[in-house]
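Chain by chain, the residues:
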Amino acid sequence: MDELKEHLLQQAKSVKEGQSIEASLGREEEAFDELIAEGHISAKKVDGIGENTVEYVDIST
């Protein structure tokens with residue numbers, strides 16, 4: 001697992017119920033999607049607040 005995915009996984013593990021994680025479009029989004037696809041985390045992707053972001057909600061590890 002690369003450093004970015006490891007960082008995002010640790011971030012997801014520290015999220016409290018009801019919180020979300022915002023990711024930049026591109027590499028962060030791809031890494032988060034890979035973590036979900038590989039079964040490391042469960043999350044729902046929605047549009048982010050900023051123009052170039054997505055948000056992950058309902059996160060569980």
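Overview of the structure.

Criteria and cut-off values
Residues numbered from 1 in each chain as written. Predicted model: local features only at pLDDT ≥ 70, side-chain atom pairs only at ≥ 80, totals over all residues. Heavy atoms only, no water. Phe/Tyr/Trp six-rings, centres within 6.5 Å; stacked < 30°, edge-to-face > 60°. Helix = DSSP H or I, 4+ residues; strand = E, 2+ residues; numbered from the N terminus. Buried < 20%, exposed > 50% of the residue type's maximum accessible area, 1.4 Å probe, protein only. Polar contact = N/O pair within 3.5 Å; in protein donor to acceptor, adjacent residues only side chain to side chain. Contact = heavy atoms within 4.5 Å.

Each pair of aromatic rings is reported with the distance of its centres and the angle of its planes. For the structure on display, the rule yields one aromatic pair. Relative to Tyr56, the ring of Phe32 lies with its centre 4.1 Å away and its plane at 10°, an arrangement referred to as stacked. A residue pair is termed long-range when its members are at least 10 positions apart, and Phe32 in helix α2 (residues 27–37) and Tyr56 in strand β3 (residues 53–60) qualify at 24 residues. Assessed through its relative accessible area of 0%, Phe32 is described here as buried. Given a relative accessible area of 0%, Tyr56 falls into the buried group.

Here Asp58, not a glycine, exhibits a phi torsion of approximately 50°, which is positive. By the element assignment, Asp58 lies in strand β3.

The next point concerns the side chain of Thr53. For Thr53, the position within the fold is in strand β3. Within the local environment of Thr53, its side chain forms a polar contact with the backbone nitrogen of Gly50, the two atoms lying 3.2 Å apart. Each residue touching Thr53, except ones within four places of it in the same chain, is listed here: Glu22, Ala23, Ser24, Leu25, Asp47 and Gly48.

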